[in-house]
Amino acid sequence: MSDSLPLSLSRPVRRHLPEMAELLIVAEHIAQASRPWFNIEVLTELRDGRETFPLIAFRFGPKDPSLPVIGLFAGVHGLERIGTRVVLAYLRTLVELDRWDQVTQEMLKSTRLVVMPLVNPVGMFHQLRANGNRVDLMRNAPVRAEGLAAWHLFGGQRISPLLPWYQGKEGAPMEEEARALCDFVRREIFPAETAISVDVHSGYGQVDRLWFPYARTRAPVPDLPEILALKHLLDRSFPNHVYQVEPQSRHYLAHGDLWDYLYDAYRAERPEGHYLPFTLEMGSWLWVKKNWIQAFSALGYFNPRMPHRVRRTLRRHLFLFDLMHRAIRSPSPWCDLEPLERERLRQQGLELWYGGN
Ligand SMILES: [Zn+2]
């Protein structure tokens, strides 16, 4: 593990960014477990005024980056604090299971788990969706959406950083956080032939959605058969699950989506492999509906407030990450599809999600 892990936080950071304090506690647990297959790394340090924020990543499992891998990401949007807590809750469970559970120990001998629990700490510190430069990291990749009207600011805009969904200046390099995430994914996920990632967000709609690419186009995603096969595994293994699985483009198109960018880059580099980047959008309107006073605060809109609802949210998604982890360990039912089966699933996926086209 890295010995440069900063374990002290300034008082303002501790006070306004409890997620970072919790992240360091989890890092401490992971370090104390002193397992050679656990690794903690500071990818970069972000500066903001007097404060410094480490971008921390974890790796579990063997060093060989070609082994099947699952990635977990959260805190890309600074207002969506609960996502970071959901991912940290999973890490706590995993580290405890690794102490005694032979199934988990076996899983971590043959698969890898890579995690960035808090991608945008400066934004979270300042209670912003965007980062410290007021750039929306999820609109910051060099990807243009097709046929997206300029007035549709929600899909990304270059008019002003004072408005939300700012993509950054035309032609400027990506923001430091976005670059660090992309470098991490290229290094840790691209070498693998079987890979899944889940980026945890909150604040959209009433139900929990599991989105897959694209955000830039309504055209179907090339891995449509694999995604549908994986959805079937989810539906059959957990028939009471809560997720609505669908392409992001069903809801809105957006410029600069990091996962579109990484998905296309992976396919260009490794056409024979399968990397499925999902976005988990936890529906927050239900939290708001049940506690309407939340609607008056920016944070309340994106995060559950009541303690029982926080606990419910923290445990609600553990089995999803576990299923994804099992799926990369046992890829044949969704990755090694016969051509005929692949075509059948593709047709089924087109009908289910793209109006049959
Ligand atoms: Zn978000």
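Not measured: the values here are computed from a predicted model.

Draft legend 1. Local environment of the pairing of strand 3 (residues 69–74). The element strand 3 is extensively covered by neighbouring structure, given that six of its six residues are classed as buried. Of the two faces of strand 3, both are covered, the one formed by Val69, Gly71 and Phe73 as well as the one formed by Ile70, Leu72 and Ala74. The pairing of strand 3 with strand 4 (residues 112–116) spans five bridges and is classified as parallel. By the bridge assignment for strand 4, Leu72 is matched with Val115. Sheet analysis places strand 3 next to strand 5 (residues 194–202), joined by six bridges and oriented parallel. From the neighbouring strand, Gly71 faces strand 5, where its bridge partner is Ser197.

Draft legend 2. Here's a closer look at the nonpolar core. Counting 102 residues, the largest nonpolar core has Phe58 and Phe60 as the members making the most contacts within it. Per-element accounting of this core gives the leading share, nine residues, to helix 3 (residues 81–100). Setting aside anything within four residues of it in sequence, one finds Phe60 in contact with Ile30, Trp37, Phe38, Leu91, Leu94, Val95, Leu108, Thr111, Arg112, Leu113 and Val115.

Draft legend 3. Here's a closer look at the packing of helix 3 against helix 12 (residues 318–329). For the pair helix 3 and helix 12, interaxial distance at closest approach is 10 Å and the crossing angle is 65 degrees. Crossing hand, helix 3 versus helix 12: right-handed. Residue-level inspection shows Val86, Ala89, Tyr90 and Thr93 of helix 3 in contact with helix 12, the latter providing Leu318, Phe321, Asp322 and His325. Residues belonging to the contact of helix 3 with helix 12 are distributed by class as follows: five nonpolar, two polar and one charged.

Draft legend 4. Representation of helix 2 (residues 18–33) in the model. Between its terminal C-alpha atoms helix 2 stretches 23 Å, which fits the 22 Å expected from 16 residues at 1.5 Å a residue. What helix 2 keeps buried is the set Glu19, Met20, Ala21, Glu22, Leu23, Leu24, Val26, Ala27, Ile30 and Ala33. Buried residues along helix 2 sit in contact with helix 1 (11–16), strand 1 (38–48), strand 2 (51–60), helix 3 and helix 5 (121–125).

Draft legend 5. Spatial organisation of the pairing of strand 1. Where strand 1 and strand 2 come together, 10 bridges link them in antiparallel fashion. Its bridge partner lying in strand 2, Asn39 is registered against Arg59.

Draft legend 6. Just the coordination of the zinc ion, in detail. Listed as protein donors to the zinc ion are His77 (ND1), Glu80 (OE), Glu80 (OE) and His201 (ND1); their distances from the metal cover 2.1 to 2.4 Å. For the zinc ion, the four donor atoms are set out with angles of 56 to 147 degrees between them, so the coordination reads as irregular. Along the chain, the residues that donate to the zinc ion are spaced as H-x2-E-x120-H. Here His77 is found in the loop between strand 3 and helix 3, whereas its partner His201 is found in strand 5, with 124 residues between them in sequence. Pair check on accessibility: His77 and His201 agree, each one buried.

Draft legend 7. Examining the sheet that holds strand 4 more closely. As summarised here, the arrangement of the eight strands in space is 1-2-4-3-5-8-6-7, forming an open sheet in which the pairing is mixed. The open sheet has two edge strands, strand 1 and strand 7 (243–247), and neither has a second partner. For this sheet the average axis-to-axis angle between neighbouring strands, irrespective of direction, equals 20 degrees. Direction of pairing for strand 2 relative to strand 4: antiparallel, over a ladder of three bridges. Residue Phe58 lies in a different strand from strand 4, and its bridge partner there is Val115.

Draft legend 8. Highlighting the environment of Pro213. Tracing the sequence through the fold places Pro213 in the loop between strand 6 (208–212) and helix 7 (224–237). With a relative accessible area of 5%, Pro213 lands in the buried category. The spacing of Pro213 and Phe125 is 88 residues in sequence and 29 Å in space, taken between C-alpha atoms. Discounting residues that sit within four places of it in the chain, Pro213 has contacts with Val221, Pro247, Asp260, Tyr263, Pro277 and Tyr354.

Calculation notes
Residues numbered from 1 in each chain as written. Predicted model: local features only at pLDDT ≥ 70, side-chain atom pairs only at ≥ 80, totals over all residues. Heavy atoms only, no water. Buried < 20%, exposed > 50% of the residue type's maximum accessible area, 1.4 Å probe, protein only. Helix = DSSP H or I, 4+ residues; strand = E, 2+ residues; numbered from the N terminus. Pairing = 2+ DSSP bridges. Core = buried A, V, L, I, M, F, W, Y, C linked by side-chain atoms within 4.5 Å. Contact = heavy atoms within 4.5 Å. Axes fitted to C-alpha atoms, helices over the stretch in contact; angles between N-to-C directions. Left-handed = near helix turned anticlockwise from the far one by under 90°. Nonpolar A, V, L, I, M, F, W, Y, C, P; charged D, E, K, R; others polar. Expected span 1.5 Å × (residues − 1). Donors = N, O, S within 2.8 Å, 3.2 Å for Na, K, Ca; no water. Tetrahedral: all angles 85-135°; square planar, octahedral: opposite > 155°, others 65-115°.

Keep in mind that these numbers describe shape and distance, not what the molecule does.
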